Structure formats: structure tokens, C-alpha cells
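Fold and contact review
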Protein chains: 2
Amino acid sequence: MKETIGFIGLGNLGLPMASNLLNTGYDLTVYNRTASKAAPLVAQGACLASRPVDAVTAGGIVVTILWDDESVESIVKSDGFLEQLGSEGIHISMSTLSPDTSRKLAVLHGEHGSILVEAPIFGVPQAAVGRELSIPMAGAQKAKERIRPILEAMGGLNIYDFGEEVGAANQVKLVGNFMIASAVYTIREALTMVEKNGGDPKAVIDMLTQTLFNAPIYKRYGQMVVDKESHLFTQNKIPLKDVGIFKKTSQQVDSPVPISSLLHNLLSCEQEQN
Amino acid sequence: MKETIGFIGLGNLGLPMASNLLNTGYDLTVYNRTASKAAPLVAQGACLASRPVDAVTAGGIVVTILWDDESVESIVKSDGFLEQLGSEGIHISMSTLSPDTSRKLAVLHGEHGSILVEAPIFGVPQAAVGRELSIPMAGAQKAKERIRPILEAMGGLNIYDFGEEVGAANQVKLVGNFMIASAVYTIREALTMVEKNGGDPKAVIDMLTQTLFNAPIYKRYGQMVVDKESHLFTQNKIPLKDVGIFKKTSQQVDSPVPISSLLHNLLSCEQEQN
């Protein structure tokens, strides 16, 4: 029997993932602050909730894909949300959160008999459409087993289990986003040197991404740098937010932050200039 | 008809590459400052030269794989070297040099009728043994055509042509080594955060190198960081030297150096501590 799923947050990633669920045959009740964004899903058969709690079924599954710690916290603490989800209910938390916040929310759920599973998403919107998302997850074993087919139906291709301790999956996500930001600035610094010395940036990145750096991230952002479009990444608010959380999470345990500090400064500067 | 090749510099990479040439059937005259290192090649049939010039055949091919700009310059300017190589002679310069030095040496060759082709090497010694080296090359077209089979016989698997202008191939090499240094410090900062937060660095890098960062460099150095052996890279003199040249080559053309400056400082500190 298919679950009825509450789906909260219909941004660039949430929308195609919710659409995938509908296409797979799941029943969906969706909520978004700007309700008009739900229109294509309603046309696909989704119900539209007017409050977050109205997307929650007792003992069911509710998904959040929202901007930041604060927006997820405000949903979880919204009137009746935890009480309605109740025993056996699962909250799949797919936003990139600080591990601290994620653990705090898991405790709140525990107090109401419900369970939080972290499952932040690696992937651009096209990867959601193409069902090629990479998803690390962490939380109670039984809950993870119940949600795995749902993650796959959303577009999860590579689903990795990081154990039962909430916080672990968000660590992976923060590490990944930090590494992406580092790669983008590194490629940009490298190819600018080549260009200003009269070389051919495209030929250089082509060789490197066909050999030593033959990875999706280098191919994608190498092309973006060659096309003079890397500001679409560096002026986006997500890398700044996530490198900031990575840095803070490192500093809390006295882990050195030379690269993340530099990247955070560079990203901050580009936001201000923008 | 096989060429007789002069081979100068029998370090960790030079030795297996010279051995590959002998195995392919080329006649070799080898020179190394510390002559005893040539013993295994002499046992394979190579002639041992007592001076660099004695490894040079008129109109022939001579290879250098040496430590830095200065060591290659001193060979090229050594008594009789350029005169002996003469017209139609080719110097395959495989060390990582500053593009400036490489161009300067190419001009010196031109004055004696010989040709310099840059062909710096991406690859660890095991990759030379396994014939999996990546080699960018730049120089006169005809000379590149003559040396390509020799580069392949040395262990070159991926040979990329960066045109006729000397300096271009060393730019690629510097870019690559800069990007490797950046990746190593980034992975180390990332996995230290995970470890100090009680996570599993191996599980994290495994997911990332199976998905977004599925590239040889990330797999190799990710494992090195997990094994607490990344100092074998960061305390090695090569990254410090090459990131230094990358930075200088950038600064000469007013190209920004935020990442390479930081990496140069970090590498310098580790050398001093060592």
C-alpha cells in the first residue's frame, strides 16, 4: 500500500521531486509558503494544504525541503505539527541543516513519538528530473527502511546510509558543498591564470577533466568557468550559507578552517558586490 | 629505425620511464648526477654517460626529467650540449618548469638549430610502471610528431597537444599540480571536521568519491587522508615548488591568487615543521 505523503517546500528541487512522487503513484498533500508554486502539482493530482499541519497525516510521512535551519524549525514547531504526526510518524528532513539543529529537531520529534530522518540532497534540479540524485541519510533504522523506496521514487539514485545518529548525513552534505565551493574557486583561479597568459582555458580543463579530475563536479563547473558563468555559483546564496555552516561546525570542535574561512570571505565579497 | 635516445635524470619517475623505453627496444644513453642510480638501466643494456653532453647524439633526441628550472638550465648550458644536439636535434623537456624558463630554453635551442618540446608528466611512479601517464606537450609540430611514439613508449597513455607555443604545456602542468594541492588540503579540512565531530571519514569520502568527486585524484588523496598519510604529500617539496611557480606565473599577469597564496603558506609551514 502506498503512503500518503506530506510535502513541504516546493522550490527548484522540491518541485521536480514532488512531481516524481506523483508520477510513481504516491498520494501527495503539498504545502508551500507561496501557494501558487503548487499549481503544477495540483494539476498532477496533489492536494494543497493551507497550513503545514494540514500536510501531516497521523503516523504518516512528511517531507521538508526548505531554505535553512530557521525555516525548518519554524515548520516543526508550528501549531499542531508534531502532535499530528505523532507515534510512528516520520519527518524526512531534506534541507541542508547544521548537524546541531538537526539533532535538536530529532529530540523534539522523540518527545512526541515521531522520528526524524535526515536525507539532504546532492543534485541540481535537472538531476531531480533525471532521477540521479545522491542522498546521504541518517536516523533510526526502521524509519530508514520505510522511507528508502520513497527516496528512490523522488529521484534518489545513490542513497547512502550513515547510521542511526542524526547529524551524520548533514555533515556529509556540508562536506560535499564545501568541497564543491573549493573546486569552483580553484578552477576559476587556475583558468584565469591560463587565460591571462594567453593559453586556452577550454583545452586545459578538457585535458584535466578527461584524466586526473574526471568527475562530474569538475566537468560541470569547469565548463561554467570557461563560459564565464561561474558567478551563477559564487553569487548564489547556498554556497555562502553552507560553507558558513561547515566552518562553524568545524570551529565548534577546534578543527582547522583555513580553506573554508577563505572561501567564506570570497563568497561574502561576491554577495556584497552583487 | 629506432632512435638512440639520451636520457638525463633518473629519479622516481625517470627511472621507470627509461626502463619502459629500453623494454620497447630503444637504445639509451643515460646520465644521472648520482651515477649509481643508473645501474638497473645499465643492466638492461643502457650506456652510461659520464657528462650530460655524452648522452647527446647529433640530430638526435635527448630527454630531461630533473628537479627544477635551475637544474634543467644548467644541463642545457653545460659544455657542448647545444652544439652537439645541433640541427634537427630535439630536447624533450619533461620537468615541471616555469613557462618563462621553458620559453627561454626554447630560444637558446633555436639559436643552435635544435628544438625544445615541453612534455611535463602527470603521474606517480606506479603510473609510469603501469604506462598510464598523462602528458601535455607543446612545441614545433614536426618535432611533436617525431616524439609521440617515444612518449608512448615511456608510458604516456593520455598525450594532449597544446600547440606550438612553448610554455603552454607547463601551464597545464602547473594548473594540475595547483588543483591537486587544493584538493588535498580541502579533503583534509573536510575529513578532519567529520572525524572531530565523531563521524566516519572513510564512509564520507567513499560516498563522495563514488558520486560527485569520482576522480582519480580524490580517490587517491582521500584514501591518503583517511590513512593519516597526507603529510607524505604536503611535506613533499614538489607541491611547494609548483604552487610557488603557479602563483608567480599568475601574479606576473595580475591574475588573482587567493587560493594559491593560502596553499603556498600552508605548504611552507609544513616544510618548516618537518
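What counts, and at which threshold
- Residues numbered from 1 in each chain as written.
- Chains lettered and ligands numbered in written order.
- Predicted model: local features only at pLDDT ≥ 70, side-chain atom pairs only at ≥ 80, totals over all residues.
- Heavy atoms only, no water.
- Axes fitted to C-alpha atoms, helices over the stretch in contact; angles between N-to-C directions.
- Helix = DSSP H or I, 4+ residues; strand = E, 2+ residues; numbered from the N terminus.
- Parallel < 35°, antiparallel > 145°, perpendicular 65-115°, else oblique.
- Contact = heavy atoms within 4.5 Å.
- Nonpolar A, V, L, I, M, F, W, Y, C, P; charged D, E, K, R; others polar.
- Buried < 20%, exposed > 50% of the residue type's maximum accessible area, 1.4 Å probe, protein only.
- Pairing = 2+ DSSP bridges.
- UniProt positions renumbered as here; feature names shortened; annotations may be inferred.
- Least-squares fit on C-alpha atoms with pLDDT ≥ 70 in both.
- Buried area = accessible area lost by both parts, 1.4 Å probe.
- Salt bridge = Lys/Arg side-chain N within 4 Å of Asp/Glu carboxyl O.
- Polar contact = N/O pair within 3.5 Å; in protein donor to acceptor, adjacent residues only side chain to side chain.

Here we take up the packing of helix α13 (residues 258-273) of chain A against helix α8 (residues 168-196) of chain B. Contact geometry for α13 of chain A and α8 of chain B: axes closest at 8 Å, N-to-C directions at 105°. In terms of axis orientation, α13 of chain A runs roughly perpendicular to α8 of chain B. Packed against α13 of chain A, whose contacting residues are Pro258, Ile259 and Ser260 of chain A, the element α8 of chain B presents Tyr185, Thr186 and Glu189 of chain B at the interface. Per-class residue counts for the contact of α13 of chain A with α8 of chain B are 3 nonpolar, 2 polar and 1 charged.

Our next topic: the packing of helix α3 (residues 69-76) of chain B against helix α5 (residues 99-111) of chain B. All names here are of chain B. At their nearest, the axes of α3 and α5 sit 11 Å apart, and the two run at 5° to each other. Here α3 is positioned roughly parallel relative to α5, judged by the angle of their axes. Of α5, the residues touching α3 (which contributes Asp69, Val72, Glu73 and Val76) are Thr101, Lys104, Leu105, Leu108 and His109. Its residues assigned to classes, the contact of α3 with α5 comprises 4 nonpolar, 2 polar and 3 charged.

Residues and elements named next belong to chain A. On strand β4 (residues 61-64), burial covers both faces: Ile61 and Val63 on one face and Val62 and Thr64 on the other are all buried. Across 4 bridges, strand β1 (residues 4-8) lies against β4 in parallel orientation. Within β4, the residue paired with Phe7 across the bridge is Val63. One ladder, built from 4 bridges, connects β4 with strand β5 (residues 90-93); its direction is parallel. Residue Val62 lies in a different strand from β5, and its bridge partner there is His91.

Following the UniProt record, one finds the feature "domain: 3-hydroxyisobutyrate dehydrogenase-like NAD-binding" (unreviewed entry) at residues 167-268 of chain A. With 78% helix and 0% strand, residues 167-268 of chain A has end C-alpha atoms that lie 26 Å from one another.

The two copies are related by a screw motion: chain A maps onto chain B through a turn of 180° and a shift of 0.0 Å along the axis, at an RMSD of 0.0 Å. Such a combination of turn and shift is consistent with a two-fold rotation axis. Taking C-alpha positions as the reference, the residue of chain A nearest the rotation axis is Ala215 of chain A, at 2.5 Å.

Each partner contributes to the interface: chain A provides 56 residues, whereas chain B provides 55 residues. Of the roughly 4,900 Å² buried between chain A and chain B on both sides combined, carbon and sulfur atoms contribute 74%. Put simply, chain A and chain B have 0 salt bridges between them. The interface formed by chain A and chain B includes 17 residue pairs in polar contact (both at pLDDT 80 or more). Elements that contribute at least two residues to the side of chain A that touches chain B include exactly β7 (133-137), β8 (156-161), α8 (168-196), α9 (201-210), α10 (216-226), α12 (237-251) and α13 of chain A. Counting residues per element, the side of chain A that touches chain B draws most heavily on α8 of chain A, which supplies 19 residues. Broken down by class, the residue content of the side of chain A that touches chain B amounts to 37 nonpolar, 16 polar and 3 charged.

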